[in-house]
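# Reading the structure
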Amino acid sequence: MDFNVKKLASGAGLFFTRAVQFTEEKLGQAEKTELDAHFENLMSRADCTKLWTEKIFRQTEVLLQPNPSARIEEFLYEKLDMKAPSRATNGELLGQYMQDAGKELGAGTPYGNTLMIVGECESRLGAAEREFLQTSAISFLAPLRNFLEGDWRTISKERRLLENLRLDLDACKARVKKAKAAEAKAAAAPDFQDTRPRNYVLSASASALWTEEVEKAEHELRVAQTEFDRQAEVTRLLLEGISSTHVNHLRCLHEFVEAQAAFYKHCHHHILFLQQFPNAFTLNAANAAVSTASASEGAGSPTEADTLKIEEVQAPATGTRKAKVLYDYDAADSSELSLLADELITVYTVPGMDSDWLIGERGNQKGKVPVTYLELLS
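Residues numbered from 1 in each chain as written. Predicted model: local features only at pLDDT ≥ 70, side-chain atom pairs only at ≥ 80, totals over all residues. Heavy atoms only, no water.

Under an unreviewed UniProt entry, the name given to the protein chain is Endophilin-B1, and the organism recorded is Salarias fasciatus. Check the Sequence similarities (unreviewed entry) section of the UniProt entry for the protein chain; it says "Belongs to the endophilin family." According to the UniProt record, the Subunit (unreviewed entry) comment for the protein chain is "Homodimer, and heterodimer with SH3GLB1." (UniProt positions renumbered as here; feature names shortened; annotations may be inferred.)

Printed below as a string of structure tokens:
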């Protein structure tokens, strides 16, 4: 118990001494030991690295998981050392809903079948996103987090210890300076007009006392200087390790870029399929529907709708509109009109024509065009 009390009192005294030294330095009443320029540059670079690593880490988290509630949930699972439950991506959910809707509406209908095809493609996009998120979390986020929670905490701890030892060193320097000043004052020549012997004895005793105090203060200064130098070397080595951290983060950044490039490449591949396939299916379904309707009505030959003579179709007096072409389209036969992306054409409907198609005109050229390739303008 006595030992704990003494230790507590010693710690409180040390804390008070450091607080006094720090306050006097801020007020300009005490000298401060300055570190060399190289050491200061190392600390500045370390602080800059920590600042921007933290910002990049936080923003990458937002990029990979925009939902703040989901981020908090993942953080809690991580702190509790528990595995977070698997969560489907938005693309996977959308794909599942589309496929379920297609089954419910009927896989044999144009809309239902197309829903199932698009849903499958959206599911693949969601799976590609999931793979990208997992790869990025392992190859990029994890090393940044390890630096912030591991290496940087060690550096911060050693820097705080160095600062405390520096305060102790400067406090020892101040005590040596005061002791030497008192010793010099005590060793000053006595006043010979005062002939009382007692004064000579007191002067000699005070001089010896202050000499002993100076020796004690100088010993404490040497010990404090040794501890400070040792801690400065340890801290310097840790700060120089920031260069290795930069190399490691550079490699992780390359892996992040490669994962992102692979993700967008997969997305581009799936989107191309998604863009082209539904229109081809709609065309086949429309032709089949027209043939079926013609056969059921028993009017004319079954191929009457397929042999529509476009040149005989006349534009109505009203109802024509301008349309912007969204994608390139190659005509399947002479009844269709080939399209180029971003061009403007005139479109209109004719009685009995399937709603998925319009008649398009470009100058003297005329032909059927799919509605899904157009953006109708007012």
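### With respect to the sheet that holds strand 1 (residues 321–325)
One open sheet holds the five strands; their spatial order is 4-3-2-1-5, and the pairing between them is antiparallel. Unpaired on one side and paired on the other, strand 4 (365–370) and strand 5 (374–376) mark the two borders of the sheet. Pairs of neighbouring strands in the sheet enclose a mean axial angle of 40°, with direction left out of account. The pairing of strand 2 (residues 344–348) with strand 3 (residues 357–362) spans three bridges and is antiparallel. For V347, the partnering residue across the bridge sits in strand 3 and is G360. (Pairing = 2+ DSSP bridges. Helix = DSSP H or I, 4+ residues; strand = E, 2+ residues; numbered from the N terminus. Axes fitted to C-alpha atoms, helices over the stretch in contact; angles between N-to-C directions.)

### Comments concerning the environment of R362
On the secondary structure map, R362 appears in strand 3. Taking the C-alpha atoms as reference points, R362 and L344, 18 residues apart in sequence, are found 8.2 Å from one another. Discounting residues that sit within four places of it in the chain, R362 has contacts with L337, S338, L339, E343 and I345. (Contact = heavy atoms within 4.5 Å.)

### Details of a nonpolar patch on the surface
Taken together, L51, W52 and I56 make up a surface patch of nonpolar side chains, about 290 Å² in accessible area. The class for L51 is partly exposed, based on a relative accessible area of 39%. (Patch = residues over 30% accessible without salt bridge, like charges linked within 9 Å, V, L, I, M, F, W, Y side chains within 5 Å. Areas by Shrake-Rupley, 256 points an atom, 1.4 Å probe, with all protein chains shown as cover. Salt bridge = Lys/Arg side-chain N within 4 Å of Asp/Glu carboxyl O. Buried < 20%, exposed > 50% of the residue type's maximum accessible area, 1.4 Å probe, protein only.)

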